[in-house]
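Spelled out, the chains give:
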Amino acid sequence: GAGVSQSPSNKVTEKGKDVELRCDPISGHTALYWYRQRLGQGLEFLIYFQGNSAPDKSGLPSDRFSAERTGESVSTLTIQRTQQEDSAVYLCASSLRYQETQYFGPGTRLLVL
Amino acid sequence: AQSVSQHNHHVILSEAASLELGCNYSYGGTVNLFWYVQYPGQHLQLLLKYFSGDPLVKGIKGFEAEFIKSKFSFNLRKPSVQWSDTAEYFCAVNDDRGSTLGRLYFGRGTQLTVWP
């Protein structure tokens, strides 16, 4: 398929461990976004990439969160020293260019015990 | 910051009833508006979008939405719902402010349950 893919689908980790979440955007999409959705809440913006630069990191909730992107392809969201409040579904989206329609992946469900 | 309000958290309808889901946003500048849908077990899909032009936009599966700038609203409608419309519906907005170009602001979602 040509959609956005994310891995893993589910991740259970212990408090204090680091986790890496991966996103493969639609081929040719220059913009890539990370969001998270905590239980009972709407989607919360985390970070946005245009190419491999991140013009807007303002949504990252703490310095434990970081993300990088290789060229105009794969992105990795890393959460260090996970906390229980990090439990959420982490969603990745891509768009052809910024401000155009964003297409979402299936998400990674993270549970921190 | 932009905020997006969806006033109905859970809507329950019978098949063939009409649907209107409310969405209001706060920023008064240029906006792009979206409705996304998440069917059970599936990921978010675009239902319809408004960028410019005719404020009445039509999307997939018979849905439509009307942008009323003076009311900061983008309500979703469908004249006759089906059981298969059972899903969670999210309103989203992005705007023209340089510092936050690209990001979508989402409402908290409305769970629609349609009884056959």
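None of these values were measured; they are calculated from a predicted model.

Helix and strand counts for chain A come out as 0 helices and 11 strands. Starting at the N terminus and ending at the C terminus, chain A contains elements arranged as β-β-β-β-β-β-β-β-β-β-β. Since a compact globule built from 113 residues should have a radius of gyration of about 13 Å, the 13 Å found for chain A is in line with a globular shape. In terms of overall dimensions, chain A has C-alpha extents of about 35 × 30 × 25 Å along its principal axes. A total of about 5300 Å² of accessible surface is found on chain A, and carbon and sulfur atoms cover 45% of it. Looking at chain A, you have 12 positive and 12 negative side-chain charges, and the mean spots of the two groups are 3 Å apart.

So, about the interface of chain B and chain A. Between chain B and chain A, the contact holds 22 residues from the first and 21 residues from the second. Summing the contributions of chain B and of chain A, the shared interface buries around 1700 Å²; its carbon and sulfur component is 53%. For Asp56 of chain A, the salt bridge is made with Arg103 of chain B, and the minimal N-O distance between the two is 3.2 Å. There are 5 residue pairs in polar contact (both at pLDDT 80 or more) connecting chain B and chain A. Every element with two or more residues in the side of chain B that touches chain A is listed here: β5 (31-38), β6 (45-50) and β10 (87-95) of chain B. It is β5 of chain B that contributes the most residues to the side of chain B that touches chain A, 4 residues altogether.

What follows covers the environment of Ala54 of chain A. All names here are of chain A. In this structure, Ala54 sits in strand β6 (residues 53-56). Judged by its relative accessible area of 21%, Ala54 falls in the partly exposed class. Placed 37 residues apart in sequence, Ala54 and Lys17 show a C-alpha to C-alpha distance of 25 Å. Leave out the neighbours within four places in its chain, and Ala54 touches Ile47, Tyr48 and Phe49.

All names here are of chain A. One pass over the structure, following the stated rule, counts 14 aromatic pairs over all chains. Between Tyr33 and Tyr48 the ring centres are 5.2 Å apart and the planes differ by 15°, which places this aromatic pair in the stacked class. Of this pair, Tyr33 sits in strand β4 (residues 31-37) while Tyr48 sits in strand β5 (residues 43-50), and the two are 15 residues apart along the sequence. Taking the relative accessible area as the measure of exposure, Tyr48 reaches 4% and is therefore buried.

The subject of this paragraph is a nonpolar patch on the surface. Residues and elements named next belong to chain A. A cluster of nonpolar side chains, Val12, Leu111 and Leu113, forms an exposed patch at the surface whose accessible area comes to about 280 Å². Relative to the helices and strands, Val12 is located in strand β2 (residues 10-13). Judged by its relative accessible area of 54%, Val12 falls in the exposed class.

With that settled, the discussion passes to the sheet that holds strand β8 (residues 75-79) of chain A. Residues and elements named next belong to chain A. Across the sheet, 4 strands lie side by side as β1-β3-β8-β7; this open sheet has antiparallel pairing. Looking at strand neighbours, the two that pair on one side only are β1 (5-7) and β7 (65-69), the edges of this open sheet. For this sheet, the mean angle separating the axes of adjacent strands, direction not counted, is 15°. Sheet topology note: the β1/strand β3 (residues 19-24) ladder contains 3 bridges and is antiparallel. Each bridged residue has a counterpart across the sheet, and for Gln6 the counterpart in β3 is Cys23.

Let us look at the state of the cysteines. Residues and elements named next belong to chain A. In this structure the tally under the stated criterion is 2 disulfides over all chains. Residue Cys23 pairs covalently with Cys92 via a disulfide, S to S 1.8 Å. Between Cys23 and Cys92, the S-S torsion sits near -65°, and that sign places the bridge as left-handed. Linking Cys23 in strand β3 with Cys92 in strand β9 (residues 88-95), this pair joins segments that are 69 residues apart in sequence. The pair Cys23 / Cys92 is uniform in exposure class, with both members buried.

How each quantity is defined
- Residue numbers run consecutively from 1 along every chain, following the written order of its sequence.
- Chains carry letters and ligands carry numbers; both start at the beginning, A for chains and 1 for ligands, and go up in the order they are written.
- Where local features are concerned, this predicted model is filtered to residues with pLDDT of at least 70; where side-chain atom pairs are given and counted, the filter is 80 or more; whole-chain, interface and lining totals use all residues.
- Hydrogens are left out, water is left out, and the side-chain values use all remaining heavy atoms of the structure.
- Secondary structure follows DSSP: runs of H or I at least 4 residues long count as helices, runs of E at least 2 residues long count as strands, and numbering of each begins at the N terminus.
- Here the globule rule is a power law, 2.2 Å times the number of residues to the power 0.38, and the radius of gyration is based on C-alpha atoms.
- Surface accessibility in these figures is a Shrake-Rupley result with a 1.4 Å probe; residues are shielded only by whichever protein chains are displayed.
- By the counting scheme adopted, Arg and Lys are positive, Glu and Asp are negative, and His together with the chain ends is not counted.
- By convention, charge coordinates are those of NZ in Lys, CZ in Arg, CG in Asp, or CD in Glu.
- Any two residues whose heavy atoms approach within 4.5 Å are treated as being in contact.
- When two components associate, each loses some accessible surface as probed by a 1.4 Å sphere; the sum of these losses over both components is called the buried area.
- Between Lys or Arg on one side and Asp or Glu on the other, a salt bridge is scored when a side-chain nitrogen of the former is within 4 Å of a carboxyl oxygen of the latter.
- Polar contact is defined as a pair of N or O atoms within 3.5 Å, subject to the rule that within protein one atom must be able to donate a hydrogen and the other to accept it, and that residues adjacent in sequence are counted only when both atoms are side-chain atoms.
- Type-normalised accessible area, obtained with a 1.4 Å probe on protein chains alone, sets the label of each residue: buried when under 20%, exposed when over 50%, and partly exposed for intermediate values.
- Whether two aromatic rings pair depends on their centres lying within 6.5 Å, for rings of Phe, Tyr and Trp, where Trp uses its six-membered ring; planes under 30 degrees apart make the pair stacked, over 60 edge-to-face, and the rest tilted.
- Like charges within 9 Å and nonpolar side chains (Val, Leu, Ile, Met, Phe, Trp, Tyr) within 5 Å are joined into patches, using only residues over 30% in relative accessible area that form no salt bridge.
- Two strands qualify as a pair provided that DSSP identifies no fewer than 2 bridges between them.
- Every axis corresponds to a line fitted to the C-alpha atoms, with the helix fit spanning only the stretch in contact, and the corresponding angles, defined between N-to-C directions, vary from 0 to 180 degrees.
- Only a pair of cysteine sulfur atoms within 2.5 Å qualifies as a disulfide here.

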